[in-house]
Amino acid sequence: MKLLKNPLSEASDGADAAAGRDLYQKNCVICHNYDGSGNTAAGSGLYPPPLDLRSAAILARKQTDGELFYFIRYGVRNTGMPGWQLPDQQIWQIVSYIRNLPGTTETSGTAPVPSLANAHYVGSAACEPCHQSIYERWRQTPMANVVRDPREHPDAIIPDLSQTNSLVNFSRADIAFVYGSIWKQRYFKKTGDDYYALPAQWDITHKKWRPYNAKEDWWVAYYPPDNFHRPTSALCDGCHSVNYNIETKQVTEWNVGCERCHGPGSEHVQHPTSSNIVNPAHLGYVAANDVCVQCHSQGRPLQNPIQGKYYDWPVGYDVTRTLSDYWKLEGHKLGETTFTHFADGTAHKNRMQGNDFVTSLMYTHGVTCFTCHDVHGTGYEADLRKPANVLCLDCHGPNSPNGPHAPTLEAHTHHKAGSPGSECIACHMPKIAQTIADVNVSSHTFRFIDPATADALHIPNACNICHSDKTAAWASNALKTWDNLSPWRVAK
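These numbers come from a predicted model, not from an experiment. (Residues numbered from 1 in each chain as written. Predicted model: local features only at pLDDT ≥ 70, side-chain atom pairs only at ≥ 80, totals over all residues. Heavy atoms only, no water.)

S.K.: Give a detailed account of the overall build of the protein, specifying residues and quantitative values.
M.R.: Per the secondary structure count, the protein includes 20 helices and 12 strands. A globule of 492 residues ought to have a C-alpha radius of gyration of about 23 Å, and the protein, at 25 Å, matches this closely. Along the first, second and third principal axes, the C-alpha set of the protein runs to 75 × 65 × 40 Å. A buried classification covers 46% of the 492 residues belonging to the protein. Here the contacts in the protein between residues at least 6 apart in sequence split such that 56% fall between residues at least 24 apart. Per element, the accessible surface of the protein, about 25300 Å² overall, is 55% carbon and sulfur. (Helix = DSSP H or I, 4+ residues; strand = E, 2+ residues; numbered from the N terminus. Rg over C-alpha atoms; globule rule 2.2 N^0.38 Å. Buried < 20%, exposed > 50% of the residue type's maximum accessible area, 1.4 Å probe, protein only. Contact = heavy atoms within 4.5 Å. Areas by Shrake-Rupley, 256 points an atom, 1.4 Å probe, with all protein chains shown as cover.)

S.K.: Hey, could you go over empty space enclosed by the protein for me, with residue numbers and the actual values?
M.R.: Within this structure, the stated rule accounts for 2 cavities of 30 Å³ or more. Lining the largest cavity are Cys427, Pro430, Arg447, Phe448, Ile449, Pro460, Asn461 and Ala462. Partitioned by chemical class, the residues of the lining of the largest cavity number 6 nonpolar, 1 polar and 1 charged. A volume near 30 Å³ is recorded for the second largest cavity. Taken together, Ala347, Lys349, Asn350, Met352, Gln353, Asp356, Ala433, Val441, Ser442 and His444 form the lining of the second largest cavity. The residue makeup of the lining of the second largest cavity, split by class, is 4 nonpolar, 4 polar and 2 charged. (1 Å grid on protein atoms, 1.4 Å probe; cavity = no way out; pocket = protein on both sides within 12 Å on 5 of 7 lines; lining within 4 Å. Points joined across faces, edges and corners; volume = space filled by probe spheres on them. Nonpolar A, V, L, I, M, F, W, Y, C, P; charged D, E, K, R; others polar.)

S.K.: Describe the packing of helix 1 (residues 15-27) against helix 6 (residues 88-98), naming the residues involved and giving the relevant values.
M.R.: For any two helices packed against each other, one specifies the inter-axial angle together with the distance between the axes. Packing of helix 1 against helix 6 leaves a shortest axis separation of 7 Å and a crossing angle of 100°. The angle between helix 1 and helix 6 falls in the class roughly perpendicular. In this structure, helix 1 uses Asp16, Ala17, Ala19, Gly20, Arg21, Leu23, Tyr24 and Gln25 to contact helix 6, whose residues at the interface are Gln90, Gln93, Ile94, Ser96, Tyr97 and Ile98. Tallied by class, residues from the contact of helix 1 with helix 6 come to 7 nonpolar, 5 polar and 2 charged. (Axes fitted to C-alpha atoms, helices over the stretch in contact; angles between N-to-C directions. Parallel < 35°, antiparallel > 145°, perpendicular 65-115°, else oblique.)

S.K.: I'd like to hear about the pattern of salt bridges, residue by residue, with values.
M.R.: Taken as a whole, this structure holds 15 salt bridges when the rule is applied. Lys249 is paired through a salt bridge with Asp194; the nearest N and O atoms lie 3.2 Å apart. Here the residue Lys249 occupies a position in the loop between strand 7 (241-242) and strand 8 (253-254), and Asp194 occupies one in strand 4 (residues 194-197), the gap between them amounting to 55 residues. For the residue pair Lys249 and Asp194, the accessibility class agrees, reading buried in each case. The salt bridge partner of Asp203 is Arg210, with a shortest N-O separation of 2.7 Å. Judged by relative accessible area, which is 0%, Asp203 ranks as buried. The class of Arg210 is partly exposed, set by a relative accessible area of 21%. Linked by salt bridges that have partners in common, Asp193, Asp194 and Lys249 make up one network. (Salt bridge = Lys/Arg side-chain N within 4 Å of Asp/Glu carboxyl O.)

Any link to function would need more than the numbers given here.
Here it is, written out as structure tokens:
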């Protein structure tokens, strides 16, 4: 049996590993933890302790597929490992999943950042021949379409510009680029060798025009109030392109292409190996998350101004470098409500997922942005890998060491299964970060802010976002009746 090979695919994004994950969560996670480390409350009481099932540990022990199959089927004598009498196919699916543990990047990193000093940028189209299925998914994502030229994409402009509106003093001919297609749409005009934002934006949710003129961003003090003296080269374009050159104002490509996250790809295209391209999944959790934080954060360059201009993106950074050498996140003083932050330090505005996430317990436990999201494209909102609740329950199940500490999900949420209030994100990721008008996006601190504290600090709270006809006091009193919620954690 030791020489048996897994007859199923062990690809991390394959159907067999996905099925194995569900089985692992049901049968194994209580002792071996979601990441295979064995660091659980149940596991700590066992002797010998549960085996480390992370791929590096399995390779160090030189365990074969056949051995893993045998241990799952028959258990391990004189240990707490039982034999699981499952069909062969299900056991092999668990083996497929185990081969890909940990499901998150390890805090110490798993590989050094490749040196790409001699590589240059080639554009996403060069990646298509070898990565066709991923490329085709990516092409449909917001990442690949945040900036569009209406001459190449006549359908890019959402509103009807033939309708008269006092805010709209421009025509289709003035629009060189369209920015955005989910919550809002803005329009850039080209003048000389730069682009400038036109003074009206389209509110997609409410289907109405709104003025666009930034008044509170940190950089406002360094530019005239007129949009046509605020170049997008300094304030926008570095995050909406690959390899933006501040000297020439040229890009390898517009939008978030492959090399924005994987680094310059010329050497990899010529000789495809893992050693000459950056794979964020192989980086330590800090560097891995920084691939996303570089644009999904409010901050400013360490060195500003740069050549006489104040930039609002990390000039000089690419994924082979250290983001903190180029970028500092926007600061916050506890108790103050600002343009960027609520009084408790939670993000007030969109594009601050990184500011939120680095303060979370998820971040310190090695979870990455792409643990939950796949920027190559999925069929779910925000390119989640699964529906939100299903995704959360991969690691957090009833009576799991990771919580919730309740016998059922309903006992934890005090809402009916399938209702909006039973969704994990309803309480732990409420939509409180403003993107335009009353349209908000999810907080990424994963903290539950009790209603009384939220009311005192003038912060939106998750309870009253849904129960909008009630008060914060009503929500606080309701929480005090929940026997699974510590009275010491609910403000009086």
